[in-house]
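What follows is the residue order along each chain.
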Amino acid sequence: MTGLRIEEHPVLDFPKRKKVKFFFEGKEMEGYEGEPIAAALHAAGVKVLHHSLKLGRPRGFFCAIGNCSSCLMIVDGVPNVRACTEKLREGMRVERQVGRGPSLAAR
Amino acid sequence: MEYELVVVGGGPAGLSGALKAAQNGVRVAIVDRQEELGGQLVKQTHKFFGWSRRGAGIRGIEIGRRLRNAVLAQPHITVFTGTEALGYYPDNSLLIEGPSGVSRITGKTFLFATGAQERMILFPGNDLPGVYGAGAVQTLMNVYGVRPGRSVLMVGSGNIGLIVSYQLRQAGVAVRAIVEALPQIGGYAVHASKVRRLGIPILTRHSIKEAHGKECVEGATIWELDDKFRGIPGTEKDLDVDVICLATGLTPLGDLLWQAGVSMTYVPELGGFVPIYDENMETERPGIFVAGDAAGIEEASTAMLCGEIAGLAVAAKLGKIPRHRFEEERNVLARELAALRSGPLSSKVRTGYERIRALVQGRRGS
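Fair warning: this is a prediction, and the values are worked out from it, not measured in the lab.

> Teacher, can you tell me more about the overall build of chain B here?
Summing up its helical and strand segments, chain B has nine helices and 19 strands in all. Relative to the 2.2 N^0.38 estimate, which gives 21 Å for 366 residues, the radius of gyration of chain B is 21 Å and therefore close to what a compact globule would have. In chain B, buried positions account for 50% of the 366 residues. The contacts of chain B with a sequence gap of at least 6 include a subset with a gap of at least 24, amounting to 63%.

The following block contains the structure:
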């Protein structure tokens, strides 16, 4: 994992968790089980999670607590999943969403 | 399921309200969308001020832990975590979605302690990934152990901006500067001194002009402001940052209150639209109470006290405690609250609450 993970902290302890593999845009990545998808992606250097509806502008997370809808992604085929609160699981398939994402009816 | 009190929001205000009500015999349900109770306390690694019996000298995370443990040990309280409140219905029910799907719970009374959300400010590039709310930065690094980037521009020198700058340094992230549009620093001097001792410049009368980057933030330009808060051309400075952190204030999260038909009013000193409520934290819809940032942007110590007042008022309304005992205890809490709000930095919120009091009194008089 990259240098964005905090290994030592003067106040906090981050207990070691289980590493899991997941897929981002088809590419295999590693993160910790139970952390939000956005945290795992950020630690892996992925900041763009979404593209805006009208202008296709890149979007990352903004509030990180499930309020703002800036981080909506397609997770295991389901669009509009909040990557900042959805927990990472082994084998998850995560994709960037454009606008509203694919219609569920088309699946 | 029917409860005597349904609390929406398990932060300092909601938990304090739930505890106070339950201790007086009220059957309570708490609904919170996070997995862990505590609200924003779960990421506050700094020590609190105020009085020792109100948690001064204790880190926010520890205050959250104590509240959480007290709530979990309280047999009158049922906790629904990982559960979102989707809507309030006029038959006193709340639609919730949790791990076991969508269901409905009803309450004789409600306490909406739904907190706040971060305010966005306008500048070119403010939608780029890398522009994050200060709360988001805190969550990412203090809860999940991930740094937001390597180098940060902090916008806003209120307590949140100062504290998060300090925490960024604790996590090993550089803070290039803190810019503040006003001529003076917004937060407590003790936080500002801590940050300055670390060598982080606090630039008053400065703001961000624009963010640079194609896919995400690759830099920022700041500039000086004149007396009318306009940027002064020629004073621009480029900063090599990959994160722009916005600590430009919070606004109450009132969606459920609006939806429940509670009367709201715009009070800029309290962060935006807030519910109109009386000295017992009860809104104009009888049985709906509010506390914490949803009732006006303040801080955790006052949120806990307001929560307690609301919890006590619920117990009194439901006839669990005699009126005189309620008034006695409420007055003690109200005095404590007034003392916490007596400092010079609270003058803004005092003005805000006076506006609400005046509104309530005006309506009672008419």
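From this point, the discussion proceeds with the structure in view.
> Got a minute to help me understand the overall build of chain A in this structure?
Looking only at helices and strands, chain A has one helix and seven strands in total. Order of helices (α) and strands (β) in chain A, N terminus to C terminus: β-β-α-β-β-β-β-β. Across chain A, the fraction of contacts at a sequence separation of at least 24, relative to all contacts at a separation of at least 6, is 44%.

> Help me understand the domain arrangement of chain B in this model?
Note on interface size: it is often stated as the accessible area lost on association of the parts. Residues and elements named next belong to chain B. Domain annotation of chain B identifies domain 1 (2–117 + 250–365) and domain 2 (120–246). Distance from the C-alpha centre of domain 1 to the C-alpha centre of domain 2: 31 Å. Each partner contributes residues to the interface: domain 1 has six residues there, and domain 2 has eight residues. When grouped by side-chain class, the residues that make up the side of domain 1 that touches domain 2 number two nonpolar, three polar and one charged.

> Even after reading the chapter, I still don't get the nonpolar core, so can you show me in this structure?
Where a protein is soluble and globular, its nonpolar side chains tend to be buried together. Residue and element names in this part refer to chain B. Grouped together as the largest cluster of nonpolar side chains are 135 residues, with contacts concentrated most on Val7, Val28, Ile244, Cys245 and Ala291. Among the elements that line this core, the one with the most residues is helix H7 (residues 300–317), at 12 residues. Three or more residues apiece are contributed to this core by two domains, here domain 1 (2–117 + 250–365) and domain 2 (120–246). Excluding residues within four positions of it along the chain, Cys245 makes contact with Tyr132, Ala134, Val137, Val152, Leu153, Met154, Val155 and Val164.

> Before we go on, may I ask you to explain helix H1 (residues 12–23) of chain B in this structure?
Two residues of an α-helix separated by three or four positions point the same way, owing to the 3.6 residues in each turn. All names here are of chain B. Relative to the 16 Å expected for 12 residues at 1.5 Å per residue, H1 spans 16 Å between its end C-alpha atoms, a close match to the ideal helical length. Within H1, 11 of the 12 residues are buried, leaving the element largely enclosed by the surrounding structure. Taken as a whole, H1 has its buried residues at Pro12, Ala13, Gly14, Leu15, Ser16, Gly17, Ala18, Leu19, Lys20, Ala21 and Ala22. Among the structural elements, strand S1 (2–8), strand S2 (28–31), helix H2 (60–72), strand S3 (77–80), strand S6 (101–112) and H7 are those in contact with the buried residues of H1. A positive phi of about 90° marks Gly25, the residue just after H1.

> How do you make sense of the interface of chain A and chain B when you look at a structure like this?
Between chain A and chain B, the residue contacts involve 26 residues of the former and 25 residues of the latter. Elements that contribute at least two residues to the side of chain A that touches chain B include exactly helix H1 (37–43) and strand S4 (58–59) of chain A. Here the side of chain A that touches chain B is composed, by residue class, of 16 nonpolar, five polar and five charged.

> Where do I start with the sheet that holds strand S14 (residues 237–239) of chain B in this structure?
Two modes of strand pairing occur in sheets, parallel and antiparallel, and in both the strands are linked by backbone hydrogen bonds. Residues and elements named next belong to chain B. Strand order in this open sheet of three strands is S12-S13-S14, and the pairing throughout is antiparallel. At either margin of the open sheet sits one strand with a lone partner, and together these are strand S12 (206–212) and S14. Strand-to-strand twist of the sheet, defined as the mean angle between neighbouring strand axes without regard to direction, takes the value 30°.

> What should I look at first to understand unusual backbone geometry in this one?
Negative phi characterises most residues that are not glycine, and trans characterises most peptide bonds. For Asp76(A), which is not glycine, the phi torsion reads 50° and is therefore positive. Among the structural elements, Asp76(A) can be located in the loop between strand S5 (72–75) and strand S6 (78–82). In this model, Met281(B) sits at a positive phi of 70°, which is unusual for a non-glycine residue. Note on placement: Met281(B) falls in the loop between strand S18 (272–275) and strand S19 (288–290).

> What's the story with the environment of Ser165(B) in this structure? I'm lost.
All names here are of chain B. Within the element layout of this structure, Ser165 appears in helix H4 (residues 159–170). Remark: the alpha-carbon pair of Ser165 and Leu198, spanning 33 residues in sequence, is separated by 9.9 Å. The contacts of Ser165, once residues within four sequence positions are left out, are Met154, Val175, Ile178, Val195 and Ile200.

> Whenever I open this one, the pairing of S1(B) confuses me. Can you help?
Two faces make up the sheet, and in a regular strand the side chains alternate between them. Residue and element names in this part refer to chain B. For S1, the buried fraction is high: six of the seven residues fall into the buried class. Two elements, S1 and S6, share six bridges in a ladder whose sense is parallel. Along S6, the bridge assignment pairs Glu2 with Thr106. The pairing of S1 with S2 spans four bridges and is classified as parallel. Within the sheet, the bridge partner assigned to Val7 lies in S2 and is Ile30. Tracing the backbone out of S1, into H1 and back to the parallel element S2 gives a crossover that is right-handed.

What counts, and at which threshold
- Residues numbered from 1 in each chain as written.
- Chains lettered and ligands numbered in written order.
- Predicted model: local features only at pLDDT ≥ 70, side-chain atom pairs only at ≥ 80, totals over all residues.
- Helix = DSSP H or I, 4+ residues; strand = E, 2+ residues; numbered from the N terminus.
- Rg over C-alpha atoms; globule rule 2.2 N^0.38 Å.
- Buried ≥ 20, exposed ≤ 12 C-beta atoms within 10 Å, placed from the backbone.
- Contact = placed C-beta atoms within 7 Å.
- Domains from an automatic or database assignment.
- Nonpolar A, V, L, I, M, F, W, Y, C, P; charged D, E, K, R; others polar.
- Core = buried A, V, L, I, M, F, W, Y, C linked by C-beta atoms within 7 Å.
- Expected span 1.5 Å × (residues − 1).
- Pairing = 2+ DSSP bridges.
- Axes fitted to C-alpha atoms, helices over the stretch in contact; angles between N-to-C directions.
- Right-handed = clockwise from strand over helix to strand, strands pointing away.

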